[in-house]
Amino acid sequence: MPESKSLADGQTISPSISSSIPQQSIQLDAIDRLLINEYQSGFPLCSNPYKVVGERVGVTAEQALARIAAMLADGTLSRFGPLFNIEHMGGEFTLTAMEVPIERFEEVNVIVNGFSEVAHNYQRDHQLNMWFVLACESADETQSMLDQLHQATGIRPYPFPKLQEFFIGLRFDA
């Protein structure tokens, strides 16, 4: 299970991982680490980006693709793809919280993580103990997703729409 983090207010936050992702010790070699770090530093926008990335880390385009596929398959990476500024395309991000009975947490976690619009699902030591981000194409779709989550789980989701954006340049070196 990923490590919990303590917050300034004394609460803890833990990544909430679907049971479909293998929970095993993952060994990364130097090339895999370079690929992960390169990906976070900006992916080339060209006709053959995997060739460029492969050259940067010392492998072929085919090897770079195969390594990325293997890391996705074994759960090292949960996602590989671009991050779009959804607001510039008319969409929105909404931080959402739920009060999930602890005995139902894993069940509800699997249901919530089953929606492709859900990202960054975390368990917190708080009355509202499940927090995640909804990424939707419109305010109407966000409301529809909130309704679907409520119907699917029987638990009311509480939306916290983004009022202001802060760019912190988050990066995780492998």
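Note on numbering: residues in each chain are counted from 1, in written sequence order. Selection of residues for local features in this predicted model requires a pLDDT of at least 70, selection of side-chain atom pairs for listing and counting requires 80 or more, and totals for whole chains, interfaces and linings are taken over all residues. Values reported for side chains reflect all heavy atoms of the structure, with hydrogen atoms and water molecules removed beforehand.

(A) Quick look at the nonpolar core. The biggest cluster of nonpolar side chains holds 15 residues, and the ones touching the most others in it are Met 98, Val 100, Val 108, Val 112, Met 130, Phe 132 and Leu 134. A run of H or I in DSSP becomes a helix once it reaches four residues, and a run of E becomes a strand once it reaches two; helices and strands are each numbered from the N terminus. Looking at this core, the elements that each hand over two or more residues are helix 4 (105-113), strand 5 (130-136) and helix 5 (139-153). Broken down by element, the residue count for this core peaks at four residues, all from strand 5. Discounting residues that sit within four places of it in the chain, Val 108 has contacts with Met 98, Val 100, Met 130, Thr 153 and Ile 155. For the purposes of this section, nonpolar cores are sets of buried Ala, Val, Leu, Ile, Met, Phe, Trp, Tyr and Cys residues that join through side-chain atoms within 4.5 Å. Each residue's exposure class comes from its accessible area (1.4 Å probe, protein chains only) as a fraction of the maximum for that residue type: buried when under 20%, exposed when over 50%, partly exposed otherwise. In what follows, residue pairs with any heavy atoms lying within 4.5 Å of each other are defined as contacts.

(B) The side chain of Asn 129, seen in detail. Among the structural elements, Asn 129 can be located in the loop between strand 4 (118-124) and strand 5. Overall, Asn 129 belongs to the buried group, its relative accessible area being 8%. Side-chain atoms alone can form a polar contact between residues adjacent in sequence; in general such a contact is a pair of N or O atoms within 3.5 Å, and within protein one must be able to donate a hydrogen while the other accepts it. Among the polar contacts made by the side chain of Asn 129, one reaches the main-chain carbonyl oxygen of Val 100 at a distance of 2.7 Å. Residues within four places of Asn 129 in sequence aside, it is in contact with Met 98, Glu 99, Val 100, Phe 105, Tyr 122, Gln 123 and Arg 124.

(C) How the structure looks around the side chain of Glu 117. Inspection of the secondary structure assignment puts Glu 117 in the loop between helix 4 and strand 4. We classify Glu 117 as buried; its relative accessible area is 18%. Once you skip the residues sitting within four places of it in the chain, Glu 117 turns out to touch Val 133, Leu 134, Ala 135, Cys 136, Glu 141 and Met 145.

(D) Geometry of the pattern of salt bridges. The salt bridge definition used is simple: a Lys or Arg side-chain nitrogen within 4 Å of an Asp or Glu carboxyl oxygen. Tallying each qualifying case throughout the model produces five salt bridges. A salt bridge links Glu 38 to Arg 56, with the nearest nitrogen and oxygen atoms 3.1 Å apart. Of this pair, Glu 38 sits in helix 1 (residues 30-40) while Arg 56 is found in helix 2 (residues 49-57), placing the two residues 18 residues apart along the sequence. The exposure class of Arg 56 is partly exposed, given its relative accessible area of 44%. Between Lys 51 and Glu 55 there is a salt bridge whose closest N-O contact spans 3.6 Å. Of this pair, Lys 51 and Glu 55 both sit in helix 2, separated by four residues, roughly a single helical turn. Take Lys 51: its relative accessible area is 43%, and that puts it in the partly exposed class.

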